[in-house]
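Letter by letter, the chains look like this.
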Amino acid sequence: MNDLPWYVGYFSGRHWLKNVDYSIDDVVRVIEASRDLKNKFYLGVETPYLKGRTLYLIFYNKSLRTRNSFQTGVFQLGGQGIYISPDQVYAPTLPEDMVPYQTEAISDVARVLSRYGDGIAVRIYGDAAKWIIGRGHRVIEEFAKWSKVPVLNMEDDLYHPFQSLADAQAALEALGWPKKLLKGRKFVVSYAYSGGLKPLAVPQDVALMASMLGADVYIAHPPGFELLDEVLAKVKEFTDSWGSEFKVVNNMDEAFEGADFVYPKAWSPKGFFPPFSRDSKVHKEEAMDYQSKFRDWITTIEKLYEAGRPYYMHCGPADRGQEVSDEVLDRYDKSLYFNEAENRLHVQKAVMSMVMARVVR
Amino acid sequence: MNDLPWYVGYFSGRHWLKNVDYSIDDVVRVIEASRDLKNKFYLGVETPYLKGRTLYLIFYNKSLRTRNSFQTGVFQLGGQGIYISPDQVYAPTLPEDMVPYQTEAISDVARVLSRYGDGIAVRIYGDAAKWIIGRGHRVIEEFAKWSKVPVLNMEDDLYHPFQSLADAQAALEALGWPKKLLKGRKFVVSYAYSGGLKPLAVPQDVALMASMLGADVYIAHPPGFELLDEVLAKVKEFTDSWGSEFKVVNNMDEAFEGADFVYPKAWSPKGFFPPFSRDSKVHKEEAMDYQSKFRDWITTIEKLYEAGRPYYMHCGPADRGQEVSDEVLDRYDKSLYFNEAENRLHVQKAVMSMVMARVVR
Amino acid sequence: MNDLPWYVGYFSGRHWLKNVDYSIDDVVRVIEASRDLKNKFYLGVETPYLKGRTLYLIFYNKSLRTRNSFQTGVFQLGGQGIYISPDQVYAPTLPEDMVPYQTEAISDVARVLSRYGDGIAVRIYGDAAKWIIGRGHRVIEEFAKWSKVPVLNMEDDLYHPFQSLADAQAALEALGWPKKLLKGRKFVVSYAYSGGLKPLAVPQDVALMASMLGADVYIAHPPGFELLDEVLAKVKEFTDSWGSEFKVVNNMDEAFEGADFVYPKAWSPKGFFPPFSRDSKVHKEEAMDYQSKFRDWITTIEKLYEAGRPYYMHCGPADRGQEVSDEVLDRYDKSLYFNEAENRLHVQKAVMSMVMARVVR
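The structure presented is a predicted model; accordingly, all values stated were derived computationally and were not measured.

*Asks:* Which parts of the structure should I look at to understand the sheet that holds strand β7 (residues 186-191) of chain A?
*Replies:* Strand pairing in a sheet is mediated by backbone hydrogen bonds. Such pairs are either parallel or antiparallel. With parallel pairing, the five strands of this open sheet are ordered in space as β9-β8-β7-β10-β11 (chain A). One side of each edge strand has no neighbouring strand; the edge strands of this open sheet are β9 (246-249) and β11 (311-312) of chain A.

*Asks:* Would you mind going over the relation of the copies chain A and chain B with me for this structure?
*Replies:* Once turned by 120° and shifted 0.0 Å along the axis, chain A lies on chain B with an RMSD of 0.0 Å. The superposition operator between the copies reduces to a three-fold rotation axis.

*Asks:* Explain the packing of helix α3 (residues 106-116) of chain B against helix α4 (residues 135-146) of chain B here, please?
*Replies:* Residue and element names in this part refer to chain B. Relative orientation of the contacting elements α3 and α4 amounts to 50°, with a least axis distance of 8 Å. Considered as vectors, α3 and α4 are oriented oblique to each other. Judged by the twist between their axes, the crossing of α3 over α4 is right-handed. Residues Ile106, Ser107, Ala110 and Arg111 of α3 touch α4, and the partners they reach there are Val139, Glu142, Phe143 and Trp146. For the contact of α3 with α4, the residue count by class is five nonpolar, one polar and two charged.

*Asks:* I keep staring at helix α5 (residues 161-175) of chain A and nothing clicks. Help me out?
*Replies:* In an α-helix, one full turn covers 3.6 residues, which means residues spaced three or four apart are oriented alike. Residue and element names in this part refer to chain A. In a regular helix each residue adds 1.5 Å, so 15 residues correspond to 21 Å; α5 covers 21 Å between its end C-alpha atoms and thus fits that length. The buried fraction of α5 is high, at twelve of 15 residues. The set of residues buried in α5 consists of Pro161, Phe162, Gln163, Ser164, Leu165, Ala166, Asp167, Ala168, Gln169, Ala170, Ala171 and Leu172. Within two residues after α5, Gly176 carries a phi angle of roughly 110°, on the positive side.

*Asks:* Please explain unusual backbone geometry as it appears in this structure.
*Replies:* Keep in mind that most residues, glycine aside, have a negative phi and that most peptide bonds are trans. Looking along the chain, the bond that leaves Pro274 of chain A and enters Pro275 of chain A is cis, with omega of 0°. Tracing the backbone through its elements, the reader meets Pro275 of chain A in the loop between β10 (261-265) and α9 (284-291). The phi torsion at Lys130 of chain A lies on the positive side, around 55°, for a residue other than glycine. Note on placement: Lys130 of chain A falls in the loop between β5 (119-123) and α4 (135-146). At Arg309 of chain B, a residue that is not glycine, the phi angle is positive and equals roughly 60°. The residue Arg309 of chain B is located in the loop between α10 (301-307) and β11 (311-312) in this model. The class of Arg309 of chain B is partly exposed, set by 14 C-beta atoms lying within 10 Å.

*Asks:* Honestly, the interface of chain C and chain B in this entry has me stumped. Any pointers?
*Replies:* Often, the extent of an interface is quoted as the loss of accessible area on bringing the components together. The interface is formed by 21 residues belonging to chain C together with 25 residues belonging to chain B. Going through the elements one at a time, β1 (54-59), β2 (80-84), β4 (103-105) and α3 (106-116) of chain C are the ones with two or more residues in the side of chain C that touches chain B. Residue composition of the side of chain C that touches chain B, by class: twelve nonpolar, five polar and four charged.

*Asks:* Sorry if this is basic, but what is going on with α3 of chain C here?
*Replies:* Of all the eleven residues making up α3 of chain C, eleven are buried; the element is thus mostly covered by neighbouring parts of the structure. Listed as buried for α3 of chain C are Ile106, Ser107, Asp108, Val109, Ala110, Arg111, Val112, Leu113, Ser114, Arg115 and Tyr116 of chain C.

*Asks:* Explanation requested: the sheet that holds strand β9 (residues 246-249) of chain B in the structure shown.
*Replies:* A sheet is described by the order of its strands in space; here five strands give the open sequence β9-β8-β7-β10-β11 (chain B), paired in parallel fashion. Across the chains shown, the open sheet's two edge strands, defined by having one partner strand only, are β9 and β11 of chain B.

*Asks:* What's the story with the environment of Ile84 of chain B in this structure? I'm lost.
*Replies:* Residue and element names in this part refer to chain B. Within the element layout of this structure, Ile84 appears in strand β2 (residues 80-84). Sequence separation of Ile84 and Lys349 is 265 residues, and the distance between their C-alpha atoms is 20 Å. Beyond its immediate sequence surroundings of up to four residues, Ile84 is in contact with Tyr56, Leu57, Ile58 and Val89.

*Asks:* Got a minute to help me understand the packing of helix α5 (residues 161-175) of chain C against helix α12 (residues 337-356) of chain C in this structure?
*Replies:* To describe two helices that pack against each other, one gives the angle between their axes and the distance between the axes. Residue and element names in this part refer to chain C. The N-to-C vectors of α5 and α12 enclose an angle of 115°; their axes lie 8 Å apart at closest approach. Where α5 crosses over α12, the handedness of that crossing is right-handed. Contact residues: Phe162, Leu165, Ala166, Asp167, Gln169, Ala170 and Glu173 in α5; Asn339, Glu340, Asn343, Arg344, Val347 and Gln348 in α12. Its residues assigned to classes, the contact of α5 with α12 comprises five nonpolar, four polar and four charged.

*Asks:* Please clarify how the confidence of the model for chain A should be interpreted in this entry.
*Replies:* For chain A, per-residue confidence averages 96 on the pLDDT scale, and 99% of positions sit at 70 or higher. The ipTM value of the predicted complex is 0.96, and its pTM value is 0.97.

What counts as what
- Residues numbered from 1 in each chain as written.
- Chains lettered and ligands numbered in written order.
- Predicted model: local features only at pLDDT ≥ 70, side-chain atom pairs only at ≥ 80, totals over all residues.
- Pairing = 2+ DSSP bridges.
- Helix = DSSP H or I, 4+ residues; strand = E, 2+ residues; numbered from the N terminus.
- Least-squares fit on C-alpha atoms with pLDDT ≥ 70 in both.
- Axes fitted to C-alpha atoms, helices over the stretch in contact; angles between N-to-C directions.
- Parallel < 35°, antiparallel > 145°, perpendicular 65-115°, else oblique.
- Left-handed = near helix turned anticlockwise from the far one by under 90°.
- Contact = placed C-beta atoms within 7 Å.
- Nonpolar A, V, L, I, M, F, W, Y, C, P; charged D, E, K, R; others polar.
- Expected span 1.5 Å × (residues − 1).
- Buried ≥ 20, exposed ≤ 12 C-beta atoms within 10 Å, placed from the backbone.
- pLDDT = per-residue confidence, 0-100.

What follows is the structure, encoded as structure tokens:
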């Protein structure tokens, strides 16, 4: 295979745990590679850049988009994805959580799989991470510590890097590619109500991504839904470096006003979970009670029109009737909902090509 | 790839929810394509007609034949099948059955998967369809409504189109291919006892198929096991158009007498399930009690010999000792049991090649 | 594809239930083929010897190494592996264990899958084999009886042939390949404590393999952990034929003294399980109580140094803190732990190429 595109093996052997491990230029490179792969996908051009390669997909949580975009994408690159649920193995576990003959050390699992295949992708948050915020991310870091092949973060309790890459591409495409930055655009990450308990990964990662690409970033949420301090500091650092605005507000409508993009999405109030809860315990019921006060944080067509018709964004699955009304998803013509999902396929193919290919140049 | 066979992309982009959506000629075309693929399979000829393509296999119910014939078949065509069980995703659900943050709208699932892959195959009946007869089929219609890629029915509570196509091929092969019709042959679809609750899909679909191909169709069952009126009307329409016989009788032996093919198989009495039950409720225990009166509806070697040694057919898995005796499955030389299972592979490869390939002609 | 290596199709169509069904020369041939495939793997040479072929992987038990090495390996050979857990099908079952409409006869499952694909691999022991020692192996024999395609034993309650082949390769590589025998080497298979109940498969198979390759074989365990008589007889037969030593002792340290290889690993005391228990019943709790007396059968760095620094071996997953200390696994420089796991990939690719390929020579 001659004439490989520039991005194949560009980051050969590196992990992808969070986008901020990479530079702004690198992030743009991923989206450029993703655009090339998307074009080839539409044109029916073959892209066998990972021929014969195997990616292990370890899902501690449910998944539709992530699993299927990875497993479809790696096959379109000539490889295969193996779906692994933790009940099919001795669950890969941090040293402090080991249960003899029921779990297996992540260090062992990572080293064994490194001998067989070419990448390990992991999703973990919620129950599997004991609802301790940051524990899921530590699991993924532990895989990365021991694996000799690239480890990919398919969403943990802090980050969801492939989601925000796909979102960035969808936003830039909406503005008209080859626009590659969001400078001068107002990008709102807002809380939206759901009865369920969702991780911080998406809002944190999307806020980071918007700030990396130069947007004016607004974060809106009720009291108690603050993102982690270190993430906010990082967003501020990026917006400062671009000379962009950064504001946190407690009102959805105020944030939406005049926005170019709104990303209203549920997450959980962190004060009910360790290490942020007053007693270091998990309080799921109280968290659900508390968030039930904010049922009016729902996105409707009316709100979008009042705000001036911004692009609507959501990682999916959106809780219909809670986070958003049916008509926004089904009929709002500036919804990027399905484009975001679609771009998961392409950004992941880009990163897989970049990190999993072994090429001689 | 030049010189593609005629059937590749022949029905490009169309769904396959039930055979009666297609003409009699079309059904024969599927079997002709299936024969070609079966020959190539035996000869070891490569058939990469779906290279790089992905089929999603959503199974709300258990499966051996269907899953493995699809997943093996699509790979033999150069593609891959991804097995999805509903507990691995937020279960794809009809609008009226949605549970926030536990289910996801079928409309969303279908639209997302359409952006990644090339086909969506679904099996759903029984528990997953709430035992409401027709609900499973509605789920598959909902997928078809929203999907931009072909949707394939892997068995619902009304139809099992790939089973009856495989059965038709097995019957025609038994008579000596290239015979392509069953005109002048007596084909019996009969109830057979099982302790389990099985859907109407197979008997309905097989009766339709036999009538499409011109057979004299006999349906035998105890009172209470009537097939749906609209299906019976359709069978009558086909047999009338061929000038063939069509009879419903309540006696297995009478039906078997002089038959060319017998297809004795369990299904559930519909009067115990909505929308046919008197109170619109599900009565599984009563249904099982009721059907337990018909334990003598078992197929034995003796019955087959008395009937004049017809071909024995069953979709599998057959309940040994209930629907049929061991010796029929293991030693009766006119059993088509394993040939029917085998042809699942080939008819499905035929239909996948016809609907999932995107070709320029 | 010209110039196929000698081993492709070498045992075309044969089952692989246990290594002792093959000759010593055959076993060495597998390792030679495995070495060739391992070299090609490292060099990035394509090995499409099973292009388009499908292997069914039926797992009644959990698995990390076995599943992933098979599913990765068959893909590296151009084929695919389909992972099947018994809850996704009507569980394939021996005649005496059938439950109507919940299970399916192994005879039927094997015959159906034989019509679609190219191999059936099965793992079964413990719960799925009702804790009756030998029942798991009978299940695999039943598959082999009915299947027309090769059946591969992925571990039952008596044998784990691919593990001992991988172990043999790792041991020979440690000594310096192309050394192909263990003659003159002391090889110790020892009990090690675990709280869990593990099958006899690994110690039995490893002892057989070591004796086949000519080693002086020592088996060490507390009273009650005797291997099966027929296995011990077979080991004795092999060691006698080589003029090698064979001893069973009840002391770990005594066995370790001066060893070249030690393989300390948990298994269950057979007297608590049928057909060996006094009352033909299963006594899991008593077995666990009994084995808990032997917590000092743990392998530590100190013991290994006292013994003269033998190579440490274990099939994985090792129960850290029970069978072995962390530092042996993570820091002992003569541990073959990860090499053994790695070689699973290569020996299995070797055997799959040998039995599943259909070639004309």
